Amino acid sequence: MAQAMRPNTVGGLFATDGKPHPLQDALLAVTLVLGITSFVTAMFHSLHLLSSWTGLLGIIVGAYGQWISETTRERFGLILGLGAAGVGFLLGMAHGGLFGGVVG
């Protein structure tokens, strides 16, 4: 009956260590916001500047977040944000890039 007294946290996708991680949570939120913004704006050809810059920033912030992340929950969210930022960045680059249409 000892196992009935302990919560099962092993093997859960969103397992946490029970400690607060404010920096990692902030990086996760910023990466998700930048990734979603980049992905959505990449669908519009005229928004390539916003898409490419938010994608680039999302990749940088997400990579740093992955480097210092401590739980599976953080890593899972960061990978989602990094994927969206990467797709948005690449589509933004294909539509005109970081400086396309500004320098000319």
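Here the structure is a predicted model, which means the values were calculated and not measured. (Residues numbered from 1 in each chain as written. Predicted model: local features only at pLDDT ≥ 70, side-chain atom pairs only at ≥ 80, totals over all residues. Heavy atoms only, no water.)

Check the secondary structure of the chain and you find three helices and zero strands. For the chain, the succession of helices and strands along the chain, N to C, is α-α-α. In the chain, 79% of the contacts between residues at least 6 apart in sequence involve partners at least 24 apart. Looking at the chain as shown, the accessible area adds up to about 6500 Å², and 74% of this sits on carbon and sulfur atoms. (Helix = DSSP H or I, 4+ residues; strand = E, 2+ residues; numbered from the N terminus. Contact = heavy atoms within 4.5 Å. Areas by Shrake-Rupley, 256 points an atom, 1.4 Å probe, with all protein chains shown as cover.)

Turning next to the packing of aromatic side chains. Geometry of an aromatic ring pair is reported as the spacing of the ring centres plus the angle between the planes. The full count for this structure, using the stated rule, is two aromatic pairs. Here Trp53 and Phe99 contribute two aromatic rings whose centre-to-centre distance is 5.6 Å and whose plane-to-plane angle is 80°, an arrangement assigned as edge-to-face. Here Trp53, found in helix α2 (residues 48–68), pairs with Phe99, found in the segment after α3 (72–95); they are 46 residues apart in sequence, far enough to count as distant. Owing to a relative accessible area of 36%, Trp53 belongs among the partly exposed residues under this scheme. (Phe/Tyr/Trp six-rings, centres within 6.5 Å; stacked < 30°, edge-to-face > 60°. Buried < 20%, exposed > 50% of the residue type's maximum accessible area, 1.4 Å probe, protein only.)

Before going further, it helps to examine a nonpolar patch on the surface. The grouping of Ile36, Phe39, Val40, Met43, Phe44, Leu47, Leu50, Val87 and Leu91 at the surface amounts to a nonpolar patch, some 760 Å² of accessible area in total. When residues of the nonpolar patch are traced back to their parent elements, those giving at least two are α1 (22–41) and α3. Per element, the largest residue contribution to the nonpolar patch is three residues, and it comes from α1. Along the chain, Phe44 falls in the loop between α1 and α2. A relative accessible area of 47% means that Phe44 is categorised as partly exposed. (Patch = residues over 30% accessible without salt bridge, like charges linked within 9 Å, V, L, I, M, F, W, Y side chains within 5 Å. Salt bridge = Lys/Arg side-chain N within 4 Å of Asp/Glu carboxyl O.)

This brings us to the confidence of the model for the chain. The pLDDT averaged across the chain works out to 88; a share of 82% of its residues lies at or above 70. Per-element confidence in the chain ranges from a low mean pLDDT of 95 for α3 to a high of 97 for α2. (pLDDT = per-residue confidence, 0-100.)

Before going further, it helps to examine α1. For the α-helix, the turn length of 3.6 residues means that residues three or four positions removed from each other point alike. In this model α1 runs 28 Å from its N-terminal to its C-terminal C-alpha over 20 residues, within 8% of the 28 Å that 1.5 Å per residue would give. Inspection of α1 places Gln24, Leu27, Leu28, Thr31, Leu34, Gly35, Ser38 and Thr41 among the buried residues, and these make up the whole buried set. In this fold, the buried residues of α1 make contact with α2 and α3. (Expected span 1.5 Å × (residues − 1).)

Take α3 next. For α3, spanning 24 residues, the distance from its first C-alpha to its last is 34 Å, which sits close to the expected 34 Å at 1.5 Å a residue. Listed in full, the buried residues belonging to α3 are Glu74, Gly77, Leu78, Gly81, Leu82, Ala84, Ala85, Gly86, Gly88, Phe89 and Gly92. Looking at the buried residues of α3, the elements they touch are α1 and α2.

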